[in-house]
Amino acid sequence: MDTRTARFIGRLFVLLCLSGCSVGGTGGNTSAPPASDFNFTEPASGAQITGSVPQAIALTWTSNGAPVVSQSVTFSTNLGNLVDSAGRVSATATVSTQKDGTANIQIVSATSGAATVTATAVDPSSGAKLSASLLLTVLGIPATFTVQAPSPIAVNGSSVVSALVKDANGSVLPGVAVSFSLSPPGVGNLSATSAKTDSSGTASVLFTPNGAAGTATVSVSTTSLAPQTATIQVTPSGGAPPVGTLTFSPCPNAIPAGSTAGCTVILVGADGNAIVGTTITLSASVGTVTPTTGASGTNGALVFSYVAPATTGSQVTSTATLKASASVNSTAVGQSFDVSLLPSAFGFTQPIAGTQISENVQQPLVLTWTSQTIPVASQVVTFSTSQGDLVDSLHNIGTSLTEQTQSDGTANISLLASTTGAVTVTATAKDAVSGAQLSTTLGLNVVGPPSSLTASAPSPIQAKGSSVVTAIVRDAAGDALSGVAVSFTLPSGGGALSVATAKTDSTGAALSLFTPDGTASSVTIQVASPPLTAQTVTVSISG
């Protein structure tokens, strides 16, 4: 038999085996383990939700197409809190699947941002751990909006009217409906009377004059906020001679992100003479200006400061557009100026903001300073604290101390907080290249040692139900303590606890789910966190 024939026979044998033959066995079928489908089904991943409104979340669990019933699913979120069917609010919640295999929870958040909801469970057949994640964009409530429109324009030109909507935290809000209306009638046309804000929080329409010079007023409104207007001067074709000009001078062309720059805007008339005592309005596309309005002073100048947004964790160069506007002889004049934001990071990297620290215990703090990804070394950083003392590398103690950055761009200092409550540490430095002032703050929560332990659990429950045992740990001031170890035990049996030990979360709560086994009509659960006095809760079981 030649080689080609042998290969053909070998392949034929493989094909026959794939279609049903058995090698070295009896040829019987082997059953595959049950296939579990464990996924979020409501809302869709990436959905935008309003944080102040409870959002229903559903997870569906099936095995080989059949609903998995009465099994515990644990949900957790990195933003906001979860609300279970009993109204309990926590960053972690455990619920049971219903007859249709769904487990339901709600999420609420006072903070806008990206939320990740995670669900975990243990497959009762295989013991495998199941996990699913749901990504949501949490939007705040519209709190501010600003309106802009280029003016003046020629009768054969156009002007883009834009509205920027933000929440109370200063985060831009996409998907917000904005309405536009034009007066007087016949002055021109708008490309649309309504629009929704895009990913940058901006909604825009185009104004086109009807061919005659005049003044157009565009009214802009959105739900729950006071309407605003934009006035557009329409000049004869070719444009009317300017009645005045605004000039940014001096103002740096580039500054590190997160820094502060001093700028001046100057208002002069058509004759070249300074215009004194006229209100100038200032704004920035990103970052903040102070003041936002002011009167032109000597030489027509208004001095202001611009604070560039920090870009910690991002090294992408961006541009800020500063705008100035004023009214001269009832005619609007304006000017813009672009400032390049150099990639820079000047911020605390240890610990993270909002961390709980212990009273009268030294807490190391680390500030990292880079410029265009390169560590800034051998530069002086000044630290100050709102309470307690700082301790530097030479063991000097004071409320304000200086340290130099190391070769890796870090400056290290320790905080010794003397009282419980909020503490703010501020770091400032001067950029050696641009001369801009850098500043950042770190807010921490100072707590005392554990002082009280309370425990609770819903009771009575059904024999096939469950009860979440909640332990709360606080200090003497009543502040919730995170990271405290709590143990849960069933001295006399009667069921099972999901965890024997847990650490308290940011709300001071540690949780364990009790599930009865049908052998007792009530159980006593002991909750302990030494050296605090242990607590007990009794859960009655009916049915």
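Since this is a predicted model, take the numbers as computed values, not measurements. (Residues numbered from 1 in each chain as written. Predicted model: local features only at pLDDT ≥ 70, side-chain atom pairs only at ≥ 80, totals over all residues. Heavy atoms only, no water.)

**Section: the overall build of the chain**
What the chain contains, in helices and strands, is one helix and 49 strands. Of all 543 residues assigned to the chain, the portion counted as buried reaches 38%. Counting only contacts in the chain whose residues sit at least 6 apart along the sequence, the fraction spanning at least 24 positions is 59%. (Helix = DSSP H or I, 4+ residues; strand = E, 2+ residues; numbered from the N terminus. Buried < 20%, exposed > 50% of the residue type's maximum accessible area, 1.4 Å probe, protein only. Contact = heavy atoms within 4.5 Å.)

**Points about the sheet that holds strand β42 (residues 461–462)**
Adjacent strands of a sheet pair through backbone hydrogen bonds, lying either parallel or antiparallel. Here we have five strands laid out as an open sheet, ordered β42-β49-β48-β44-β46, and mixed in their pairing. The open sheet has two edge strands with one neighbour each: β42 and β46 (501–503). Inspection of the sheet shows strand β44 (residues 485–489) paired to strand β48 (residues 522–528) by three bridges, in the antiparallel sense. Residue pairing for β48: Ser487 is matched across the bridge by Ala528. (Pairing = 2+ DSSP bridges.)

**Section: the packing of aromatic side chains**
Given two aromatic rings, their pairing is described by the distance between the two centres and the angle made by the two planes. Throughout the structure, instances matching the rule amount to six aromatic pairs. Judged by centre distance (6.2 Å) and plane angle (80 degrees), the ring pair of Phe248 and Phe304 falls under edge-to-face. Taken together, the residues Phe248 in strand β21 (residues 244–248) and Phe304 in strand β27 (residues 301–307) connect sequence positions 56 residues apart. We note that Phe248, like Phe304, is buried. (Phe/Tyr/Trp six-rings, centres within 6.5 Å; stacked < 30°, edge-to-face > 60°.)

**Concerning the pattern of salt bridges**
If you walk through the whole model with that rule in mind, you get one salt bridge. Between Arg88 and Asp84 there is a salt bridge, and its shortest N-O distance comes to 2.8 Å. Arg88 gets classed as partly exposed once you look at its relative accessible area, which sits at 32%. (Salt bridge = Lys/Arg side-chain N within 4 Å of Asp/Glu carboxyl O.)

**Concerning the state of the cysteines**
If you walk through the whole model with that rule in mind, you get one disulfide. Note that Cys251 is cross-linked by a disulfide to Cys263, the S-S spacing being 2.1 Å. Judged by the sign of its S-S torsion, about 55 degrees, the bond between Cys251 and Cys263 is right-handed. Within this pair, whereas Cys251 is found in the loop between β21 and β22 (254–256), its partner Cys263 is found in strand β23 (residues 259–269), the two being separated by twelve residues in sequence. Take Cys251 and Cys263: they sit in the same class, and that class is buried. (Disulfide = S-S within 2.5 Å.)

**Remarks on the side chain of Gln356**
By the element assignment, Gln356 lies in strand β31 (residues 356–358). Within polar-contact distance, the side chain of Gln356 engages the backbone oxygen of Ala480 at 2.5 Å. Within the local environment of Gln356, its side chain forms a polar contact with the backbone nitrogen of Ser482, the two atoms lying 2.8 Å apart. For Gln356, the residues in contact, after removing those within four places along its chain, are Asn445, Val447, Ala480, Leu481 and Ser482. (Polar contact = N/O pair within 3.5 Å; in protein donor to acceptor, adjacent residues only side chain to side chain.)

**What about the confidence of the model for the chain?**
Counting all residues, the mean pLDDT for the chain is 84, and 88% of those residues have values of 70 or more. Averaged over each element, pLDDT in the chain is lowest for helix α1 (residues 3–18) (45) and highest for strand β34 (residues 380–385) (96). Overall, residues 3–32 carries pLDDT values under 50, and its contacts beyond four positions in sequence, including any with other chains, amount to five contacts. A low-confidence stretch, residues 312–317 (pLDDT under 50), is modelled with eleven contacts involving residues beyond four sequence positions or located in other chains. (pLDDT = per-residue confidence, 0-100.)

**Description of the side chain of Ser90**
Mapped onto the elements, Ser90 comes out in strand β7 (residues 89–90). At a separation of 3.2 Å, a polar atom in the side chain of Ser90 contacts the main-chain carbonyl oxygen of Thr92. When sequence neighbours within four positions are dropped, the list of residues in contact with Ser90 reads Asn81, Leu82, Asp505 and Leu511.

**Some remarks on the sheet that holds strand β41 (residues 450–456)**
Overall, antiparallel pairing links the four strands, which are arranged β41-β43-β47-β45 in an open sheet. Two strands bound the open sheet, and with one partner strand each, they are β41 and β45 (495–497). Strand-to-strand, the axes of this sheet are offset by a mean angle of 20 degrees, without reference to chain direction. Pairing of β41 with strand β43 (residues 467–475) involves six bridges; the strand directions are antiparallel. Bridged to Thr454 within β43 is Ile472. (Axes fitted to C-alpha atoms, helices over the stretch in contact; angles between N-to-C directions.)

**Re unusual backbone geometry**
Cis geometry is adopted by the peptide bond preceding Pro184, which originates at Ser183 and carries an omega value of -5 degrees. With respect to the element layout, Pro184 can be found in the loop between β15 (177–183) and β16 (188–190). A cis geometry characterises the amide bond from Ser459 onward to Pro460, with omega recorded as 0 degrees. When you line up the elements, Pro460 lands in the loop between β41 and β42. One non-glycine residue, His395, lies in positive phi territory at about 70 degrees. Tracing the backbone through its elements, the reader meets His395 in the loop between β35 (389–391) and β36 (397–398). For His395, a relative accessible area of 64% puts it in the exposed group.

**Some words on the pairing of strand β14 (residues 159–167)**
Across six bridges, the pairing between strand β12 (residues 142–148) and β14 is antiparallel. Paired with Gln148 across the two strands is Ser162, which belongs to β14. Where β14 and strand β18 (residues 202–209) come together, six bridges link them in antiparallel fashion. By the bridge assignment for β18, Ser159 is matched with Phe207.

**Section: the environment of Gly201**
Assignment of secondary structure puts Gly201 in the loop between β17 (194–196) and β18. We classify Gly201 as buried; its relative accessible area is 0%. Taking the C-alpha atoms as reference, Gly201 lies 4.7 Å from Leu173; in sequence the two are 28 residues apart. When residues no more than four places from it in sequence are discounted, the contact partners of Gly201 are Ala163, Leu164, Val165, Val172, Leu173 and Pro174.

**Some words on the environment of Ala261**
Following the sequence through the fold, Ala261 ends up in strand β23. Along the backbone, Ala261 and Gly435 are 174 residues apart, and their C-alpha atoms lie at a distance of 8.2 Å. Excluding residues within four positions of it along the chain, Ala261 makes contact with Pro252, Ile255, Phe304, Ser305 and Tyr306.

**A short note on the pairing of strand β39 (residues 421–430)**
As paired elements, β34 and β39 share four bridges and run antiparallel to each other. Paired with Ser384 across the bridge in β39 is Thr426. Of the strand pairs in this sheet, β39 and strand β40 (residues 437–447) are connected by ten bridges, and their pairing is antiparallel. Note on β40: the bridge partner recorded for Thr426 is Thr441.

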